[in-house]
Amino acid sequence: MSEKFNRIKIIKFGGSSVGSPARIREVIQVCKDLINNGETVSVVFSAFQGVTDTLIRTAQTAAAGDHSYVNEFESLKKRHTDACRELAGEDAAKEEKFSGLLNDLEQVLYGIYLLKELTPRSLDYVMSFGERLSCLIISEAFNASGQQAVYTDARLLVKTDAAFGYGKVNFQETNRLIREYFAVSPGLNIITGFIGSTANNETTTLGRGGSDYTAAIFGAALRAEEVQIWTDVDGVLTADPRKVKAAFTIDSISYYEAMEMSHFGAKVLYPPTIHPVLHDNIPIRIKNTLNPSHPGTLITGSDSSGKRKVTGISSIDKVTLFKISVTGLASITDITSRIFSVLSSRSVSALLVSQASSEQSICFSVLPENTERVTELVQNELRHEMADGYIREFICETGVSLLAVVGENLLNNPGISGQVFQALGKNGISILAAAQGSSRLNISTVIKTEDLSKALNAIHDTFFLSDRKRINLFIAGTGLIGRTLFTQIRNQLNFLLENLNTDLRIIGIVNTRRMLIDQEGIDVNEWEERFEREGVERQNGAFFSRMISSNLPNSIFVDCTSSSEVMEKYLQVLSASISIVTPNKKANSSSYDYYLQLKKAARQYNVKFLYETNVGAGLPVINTINDLVLSGDSILRIEGVLSGTLSYIFNKFSEGGRFSDILKESHKMGYTEPDPREDLRGIDAARKLLILVREGGYRLEPEDIQTENLIPPGISPDITSEEFLEILPRYDHIFDELREKARSSGGVLRYIASWEEGKASVKLRVVDKTHPFYCLSSNDNVISLKTVYYNERPMIVQGPGAGARVTSGGILADIVRIANYLQNNGS
């Protein structure tokens, strides 16, 4: 073939690029800039945005005998007439050509209305007016702008069979006609996309999205330098940006990767577009009309993946999954063959096929519009096997989506499948079906549609943001602990990002009065202002419902409250595959059965339930006991000063001063529970002992612990905590007497929790200088663990056991532990 066309570029603009006269002017300027830079171009255009759908609807309305189709037609006529006059001015010759097309459309619609019949051939003819009208207007707009252009009706050049709605191109004849036409009309041709004609000149269409295909057909016939598809995004993205905010443009991909991504739902390119250009390795470039300076994505025949493990992630939002299981007497091989034979005979394609190695079951997915037809076809084909009981299970499952991970070298990178499944598993996403093709190009999974966005983000983070893991935090409680946690997160954000590649995002905040959720994140520097300004009234359960329905990957619920109401939601949260970090002791110190349920739920839904701050604030107590148990050790005795509040109070009290004043001071400093009577009752210490014993592997209930109540007798339990602090000075003499008795024996007062051989108690004791708990200071906790391994010399853990900073520091440490778990491939 002559090389005279080699420098030409075929450019295609879709409906979104020609949605309004203003957009069309931008497109014209883009083309003129290319021409002024010495480029030779011809341009394929789609119908104006939304017009093809309107034409289909208008024809269907007419076929139904509904005269309101006329209103639809008049609306189309006005839109195109207005655009023509605005872009090309008023001219009698132009008006005549334009009016002739509209008259033809009006007549065919009227015929459909009279006959009350809409054949595929008639529908193709009606749809063709979208491109014919847009290209006629745009060609005249070019001419009006000073750039000569020729209106080119592709029906004269693109020849297909008579499969109306999806014409199969006769490339030999089409290529000959295109080359002959361009030999005598080499200038700027404005080509109608989407349409062709049969050998008898009957109008056909190339399938929805066929304007891309038209551009590739012309590019291949002319052996163009490049085919450019201009749309409203910056090229092929790593994922759908509407679902994955972190998606970014891929600079280059191979033909085969592009075909896989478009087949599995990527909307940028019509799947058959690659076929015409493949043989001659003609590159396709995806460009953005709204951002013409962006280089876009180049699609070529070369393997462009380089060191890239995965090229992109694509999805089909709605599919139907069929599952068929047989008894041992039936042959799944024979059944599979028959199923796909009958589907093929009805032109139904399976998107994914997966067969169990046991040859007892098979599953496959189809598009939703084929569901009823496939159900009928398969049940009819297998009617005898069903009647004889050979079909054990026939399930048609809707509400599912197909997700595909695409890349040239998936099979050459060991562990990719494992990373995909692990990313889904760690976020509680069940895989209903999976397949990895021998083409090495994709790993496909079927999941619930409600999990699609979460799955896309989780996998995208794994492969494209592997150096950065976004962690979504939902925080309950804005009291002293919560506020301190916000401050620590703010102070550590950059450190965590730079050193651990962990991007903490606060998504939700709730307290007793109001709540705020923003899936894009709440700036930790502005959380108070936004919470007060934008927070809505908290309604029972609403925060948890919205957190769960957000279904974000890598989510952690952080409970900074001491609320029983919040604690009761833990199972619901874990069951939604959301990890929990909490200093709230009430969950783990309630019934033993509930404690086990929480543990089981965390395992079952593959999430973390961390509560190191339940005991000892930030001290490594619970993790230490867990490690001892995991190593095969056994806990023989636990003894400790577990209340940082009472430790502080009795340390100060030993130095002198009034008991009531010291309690008020510790309450003001945030060392006590919101109601300090919980500390004095021993409830706080008892809960902590209970948790430690349970972590050691022993069953213990709250009522099994003998607890000494330090609230003086005679004080009513019905008064408020404020009233309690006011009247407490009247009882200081009781504590003075206890102090003097301890001093007289050379000892000090310590409120000690202990467990040994199944017996547990929490009580005030006098210890002398020989006891390891004698030399405590400030609000220290101290825990002594006697184990099989640490028998002669028990292990001692000691340090601050109360205070907002150490507690919130422990909370943040647990958050980072979960982030590391989510970040790493291992558990």
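As the structure is a computational prediction, the values presented were derived from the model and not from experiment.

A.B. asks: A description of the overall build of the chain should follow, citing residues and the corresponding values.
C.D. replies: Helix and strand counts for the chain come out as 28 helices and 29 strands. Principal-axis analysis of the C-alpha atoms places the extent of the chain at approximately 115 × 70 × 55 Å. With 827 residues in all, the chain has 55% of them scored as buried. Pairs at least 24 residues apart make up 73% of the contacts formed inside the chain by residues separated by at least 6 positions. For the chain, the exposed area adds up to about 35,300 Å²; of that, 47% sits on carbon and sulfur atoms. The chain carries 87 positive and 98 negative side-chain charges, and their two centres are separated by 2 Å.

A.B. asks: Lay out a nonpolar patch on the surface in plain terms, naming residues and giving numbers.
C.D. replies: Taken together, the side chains of L636, V788, Y789 and Y790 define a hydrophobic patch exposed on the protein surface, amounting to about 360 Å² of accessible area. Relative to the helices and strands, Y789 resides in the loop between β28 (780–787) and β29 (795–800).

A.B. asks: How would you summarise the sheet that holds β28 if you had to cite specific residues and measurements?
C.D. replies: Sheets are built from strands paired through backbone hydrogen bonds, the pairs being either parallel or antiparallel. A sheet is described by the order of its strands in space; here six strands give the open sequence β25-β27-β26-β24-β28-β29, paired in mixed fashion. Each edge of the sheet is formed by a strand with only one pairing partner; in this case those strands are β25 (705–707) and β29. Between one strand axis and the next, the sheet turns by 20° as a mean value, whatever way the strands run. Relative to β29, β28 runs antiparallel, the two sharing six bridges. Across the sheet, the residue bridging to L785 is M795, located in β29. Contacting β24 (635–641), β28 and β29, helix α21 (residues 622–630) crosses the sheet at an angle of about 10° to β28.

A.B. asks: Which residues make up the state of the cysteines, and what values do they have?
C.D. replies: If you walk through the whole model with that rule in mind, you get zero disulfides. C31 forms no disulfide, and the closest cysteine sulfur to it belongs to C135, at a distance of 11 Å.

A.B. asks: Quick rundown of the sheet that holds strand β17 (residues 469–476)? Include the residues and the values.
C.D. replies: In space, the seven strands of this open sheet follow the order β20-β19-β18-β17-β21-β22-β23, with mixed pairing throughout. The strands lining the two open edges of the sheet, one partner per strand, are β20 (536–537) and β23 (609–610). Bridge count between strand β22 (residues 579–581) and β23: two bridges; the pairing is parallel. Residue pairing for β23: I580 is matched across the bridge by F609.

A.B. asks: Break down helix α8 (residues 255–263) for me, citing the residues and quoting the values.
C.D. replies: Of the positions making up α8, those classed as buried are Y255, E257, A258, E260, M261 and S262. Residues of α8 that are buried sit in contact with β8 (252–254), α9 (274–278), β10 (297–300), β11 (312–326), β14 (391–406) and β16 (442–448).

A.B. asks: Account for the nonpolar core, with residues named and values stated.
C.D. replies: A general tendency of soluble globular proteins is for nonpolar side chains to be buried together. Membership of the largest hydrophobic core comes to 80 residues, with the highest contact counts inside it found for F557, Y570, F650, L689, L692 and F724. Those residues within four positions of Y570 in sequence are excluded, and the remaining contacts are F557, D559, I580, T582, N584, A587, Y594, L598 and F609.

A.B. asks: Residues and numbers for the environment of E695, please.
C.D. replies: Counting through the fold element by element, E695 comes out in helix α25 (residues 683–695). The class of E695 is buried, set by a relative accessible area of 5%. A C-alpha to C-alpha distance of 6.6 Å links E695 and N626, two positions 69 residues apart in sequence. If sequence neighbours within four positions are ignored, E695 has contacts with Y595, K599, Y611, I622, I625, N626 and V629. A polar contact is formed between the side chain of E695 and the side chain of K599, at a distance of 3.2 Å.

A.B. asks: Before we move on, could you go through the environment of I635 and cite the residues and values that matter?
C.D. replies: As for its position among the elements, I635 is in strand β24. You can call I635 buried: its relative accessible area is 2%. The spacing of I635 and I705 is 70 residues in sequence and 17 Å in space, taken between C-alpha atoms.

A.B. asks: Run through the packing of helix α13 (residues 416–425) against helix α14 (residues 452–464), naming residues and quoting values.
C.D. replies: It is the contact of α13 with α14, at a shortest axis distance of 9 Å, that shows an interaxial angle of 135°. Comparing their axes, α14 and α13 come out oblique. As α13 packs across α14, the resulting crossing turns out to be right-handed. Between α13, through I416, Q419, V420, A423 and L424, and α14, the contact on the second element is made entirely by A455, A458, I459, T462 and F463. Its residues assigned to classes, the contact of α13 with α14 shows eight nonpolar, two polar and no charged.

A.B. asks: Any details on the side chain of S784? Residues and values, ideally.
C.D. replies: Tracing the sequence through the fold places S784 in strand β28. With residues up to four places along the chain from it excluded, the contact list for S784 reads R637, I638, E639, F773, P794, M795 and I796.

A.B. asks: Account for the packing of helix α6 (residues 171–184) against helix α7 (residues 210–221), naming residues and giving values.
C.D. replies: Here α6 crosses α7 at 70°, and the two axes come no closer than 9 Å. Accordingly, the angle class assigned to the pair α6 and α7 is roughly perpendicular. From α6, F171, T174, N175, I178, R179 and F182 reach across to α7, where they touch Y213, I217, F218, A220 and A221. Among the residues forming the contact of α6 with α7, the class breakdown is eight nonpolar, two polar and one charged.

A.B. asks: Hey, could you go over the pairing of β28 for me, with residue numbers and the actual values?
C.D. replies: Every other side chain in a regular strand lies on the same face of the sheet, so the side chains alternate between the two faces. Buried residues dominate β28, accounting for seven of its eight residues. Relative to β28, β24 runs antiparallel, the two being bridged by six bridges. Among the inter-strand pairings, V641 is bridged to a residue of β28, identified as V782.

A.B. asks: Describe in detail the side chain of T289, supporting the description with residues and values.
C.D. replies: Tracing the backbone shows T289 in the loop between β9 (284–288) and β10. Judged by relative accessible area, which is 4%, T289 ranks as buried. Contact partners of T289, with chain neighbours within four places excluded, come to F13, S17, V27, W230 and T231.

A.B. asks: Hey, could you go over the packing of aromatic side chains for me, with residue numbers and the actual values?
C.D. replies: Summed over all chains, the structure comprises 25 aromatic pairs. With centroids separated by 6.5 Å and ring planes inclined at 25°, the aromatic side chains of Y110 and Y113 adopt a geometry described as stacked. Highlighted residues: Y110 and Y113, both in helix α4 (residues 92–115), separated by three residues, approximately one helical turn. What makes Y113 buried here is its relative accessible area of 19%.

A.B. asks: Could you give an account of α7, with specific residues and numbers?
C.D. replies: Taking 1.5 Å of rise per residue, the 12 residues of α7 would be expected to cover 16 Å, and the 16 Å separating its terminal C-alpha atoms lies within 8% of that figure. Within α7, 12 of the 12 residues are buried, which leaves it mostly tucked inside the rest of the structure. Of all the positions in α7, only G210, S211, D212, Y213, T214, A215, A216, I217, F218, G219, A220 and A221 are classed as buried. Within two residues after α7, R223 carries a phi angle of roughly 45°, on the positive side.

A.B. asks: Describe the pattern of salt bridges, listing the residues and the values that go with them.
C.D. replies: Taken as a whole, this structure holds 42 salt bridges when the rule is applied. The salt bridge involving K243 is made with D240; its shortest N-O contact spans 3.3 Å. For D240, a relative accessible area of 17% puts it in the buried group. When the shortest N-O distance is used, the salt bridge between R530 and D518 registers 3.0 Å. Of the two residues, R530 is situated in helix α16 (residues 527–534) and D518 in the loop between β19 (514–517) and α16; the sequence distance between them amounts to 12 residues. On the accessibility criterion, R530 (13% relative accessible area) is buried. Through salt bridges that share partners, D240, R242, K243 and D317 make up one connected network.

A.B. asks: Explain unusual backbone geometry to me, and be specific about the residues and the numbers.
C.D. replies: Here N501, not a glycine, exhibits a phi torsion of approximately 55°, which is positive. With respect to the helices, strands and loops of the structure, N501 is situated in the loop between α15 (480–500) and β18 (502–510). In this structure, A617 takes a positive phi of about 55° despite not being glycine. Within the fold, A617 resides in the loop between β23 and α21. Since its relative accessible area comes to 4%, A617 is described here as buried.

Quick notes on the rules
Residues numbered from 1 in each chain as written. Predicted model: local features only at pLDDT ≥ 70, side-chain atom pairs only at ≥ 80, totals over all residues. Heavy atoms only, no water. Helix = DSSP H or I, 4+ residues; strand = E, 2+ residues; numbered from the N terminus. Buried < 20%, exposed > 50% of the residue type's maximum accessible area, 1.4 Å probe, protein only. Contact = heavy atoms within 4.5 Å. Areas by Shrake-Rupley, 256 points an atom, 1.4 Å probe, with all protein chains shown as cover. Lys, Arg positive; Asp, Glu negative; His and termini not counted. Charge placed at Lys NZ, Arg CZ, Asp CG, Glu CD. Patch = residues over 30% accessible without salt bridge, like charges linked within 9 Å, V, L, I, M, F, W, Y side chains within 5 Å. Salt bridge = Lys/Arg side-chain N within 4 Å of Asp/Glu carboxyl O. Pairing = 2+ DSSP bridges. Axes fitted to C-alpha atoms, helices over the stretch in contact; angles between N-to-C directions. Disulfide = S-S within 2.5 Å. Core = buried A, V, L, I, M, F, W, Y, C linked by side-chain atoms within 4.5 Å. Polar contact = N/O pair within 3.5 Å; in protein donor to acceptor, adjacent residues only side chain to side chain. Parallel < 35°, antiparallel > 145°, perpendicular 65-115°, else oblique. Left-handed = near helix turned anticlockwise from the far one by under 90°. Nonpolar A, V, L, I, M, F, W, Y, C, P; charged D, E, K, R; others polar. Phe/Tyr/Trp six-rings, centres within 6.5 Å; stacked < 30°, edge-to-face > 60°. Expected span 1.5 Å × (residues − 1).

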